[in-house]
Amino acid sequence: MIIKILGLCAAVSISLFGAIDKHKLDNLKIDAMVVKDLKTKHVLYSKEGDKNLKPASLTKVMTALLAINSGKMNHVVTITREMTKVEPTIAGYKRGDQIVLSDLVKAAMIQSDNDAAKAIAIAVGGDEENFVKMMNKQAKRIGMNHTHFENPCGYDDKDHYSTPNDLMKLTEYAIKNRKFNEISKLNNYTYYSQNTHKKFWAYTHNRLLNRYEYAVGIKTGYTSKAGACLIARAKKDGKDCVIVMMHSKEDRWKTAKNIFEQVLNS
């Protein structure tokens, strides 16, 4: 009986993990990565899952979540000079523009606009410093014990870091929110200033959303020090897979698609 149980466990293990070509992933020029099957809750692959690295704009997942959970998504935010003092990716707001908070969230998530992220921080937190405290408090609440935020945008800073495992926890928490999921899978979005009626466009940097039919989000990131970062999710026939990739020197889109194909078609 025991032998049968052990054999069954081995068979389950093979079915869960056999689809991932671990040797190939080990040899990729990616500093850290975690792949998880959200249906079974099994980690299918892990490389340096607890390594502290700069998360770049993956940070904005937390920024967006705090805004969504603030209950202020319909509030109108008047853009201040401080909100515009950011670089390099921006929507191009001018002082005095009035933007609905939900539009700022979409701009921060879809196009990764830093002026949108900073405006969210000041509007929701009262000021950026307090919002960062809110980010770190929420991180601890959901078990991100190896993460510390210093800003809402994802700028490189010696005290701004996370790990693949922590970002996986953040992702699993975030995707429980229907509004977050709706936003994170958008390819593009058009919106307007409420007072000047100026038109703004947000276009995704996530090439998976344009080229891979099963992709459903969630966030890209890049800085010179963080390198290429990605949190990607794909769903097919009841299967649900998330990849967290940090400091990649590989083609992150091709790598993610190959992983999804292995997992979703196994």
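Note that this is a predicted model, so its numbers are computed, not measured.

Draft legend 1. Expanded view of the sheet that holds strand β1 (residues 30-37). In spatial order, the strands read β2-β1-β9-β8-β7; together these five strands make up an open sheet with antiparallel pairing. Whereas interior strands pair on both sides, the edge strands pair on one side only; in this sheet they are β2 (42-47) and β7 (215-223). Each strand of the sheet is rotated relative to its neighbour by a mean of 5 degrees, with strand direction disregarded. Relative to strand β9 (residues 239-248), strand β8 (residues 227-236) is paired through eight bridges, and the arrangement is antiparallel. Bridge pairing in β9 links Ala234 to Cys241.

Draft legend 2. Representation of the packing of helix α3 (residues 60-68) against helix α8 (residues 164-174) in the model. Between α3 and α8, the least distance of the axes is 10 Å, while the angle of their chain directions is 30 degrees. Looking at the two axes, α3 sits roughly parallel to α8. With respect to the hand of their crossing, α3 and α8 are arranged in left-handed fashion. Here Val61, Met62 and Leu65 of α3 come into contact with α8, specifically with Leu170, Tyr173 and Ala174. Partitioned by chemical class, the residues of the contact of α3 with α8 number six nonpolar, no polar and no charged.

Draft legend 3. Representation of α8. Taken across its eleven residues, α8 has eight buried, putting it largely inside the fold. If you check which residues of α8 are buried, you get Pro164, Asp166, Leu167, Met168, Leu170, Thr171, Glu172 and Ala174. As for α8, its buried residues are in contact with β1, α3, α9 (178-184), β7, β8 and β9.

Draft legend 4. Here's a closer look at the environment of Glu128. With respect to the helices and strands, Glu128 occurs in helix α7 (residues 128-141). A C-alpha to C-alpha distance of 9.9 Å links Glu128 and Glu82, two positions 46 residues apart in sequence. Sequence-distant contacts of Glu128, that is, excluding residues within four places in its chain, are made with Lys118, Ala121, Ile122, Asn151 and Pro152.

Draft legend 5. Inspection of the environment of Thr40 at higher detail. Along the chain, Thr40 falls in the loop between β1 and β2. Judged by its relative accessible area of 32%, Thr40 is partly exposed. Measuring from C-alpha to C-alpha, the distance between Thr40 and Asp240 comes to 9.1 Å, with 200 residues separating the pair along the chain. Within the structure, the side chain of Thr40 is placed 3.1 Å from the side chain of His42, a separation counted as a polar contact.

Draft legend 6. Main features of the side chain of Thr220. Tracing the chain through its elements places Thr220 in strand β7. Ignoring anything within four residues of it in the chain, the contact list for Thr220 reads Ser57, Leu58, His205, Asn206, Cys229, Leu230, Arg252 and Trp253.

Draft legend 7. Looking closely at the pairing of strand β5 (residues 188-192). Of the two faces of β5, the one holding Tyr189 and Tyr191 is buried and the one holding Asn188, Thr190 and Tyr192 is not buried anywhere. Connecting β5 to the next strand, strand β6 (residues 199-203), in antiparallel fashion are six residues, including His197 with a positive phi near 60 degrees.

Reading guide: rules and limits
Residues numbered from 1 in each chain as written. Predicted model: local features only at pLDDT ≥ 70, side-chain atom pairs only at ≥ 80, totals over all residues. Heavy atoms only, no water. Pairing = 2+ DSSP bridges. Helix = DSSP H or I, 4+ residues; strand = E, 2+ residues; numbered from the N terminus. Axes fitted to C-alpha atoms, helices over the stretch in contact; angles between N-to-C directions. Parallel < 35°, antiparallel > 145°, perpendicular 65-115°, else oblique. Left-handed = near helix turned anticlockwise from the far one by under 90°. Contact = heavy atoms within 4.5 Å. Nonpolar A, V, L, I, M, F, W, Y, C, P; charged D, E, K, R; others polar. Buried < 20%, exposed > 50% of the residue type's maximum accessible area, 1.4 Å probe, protein only. Polar contact = N/O pair within 3.5 Å; in protein donor to acceptor, adjacent residues only side chain to side chain.

Everything listed is a geometric property; what it means functionally is a separate question.
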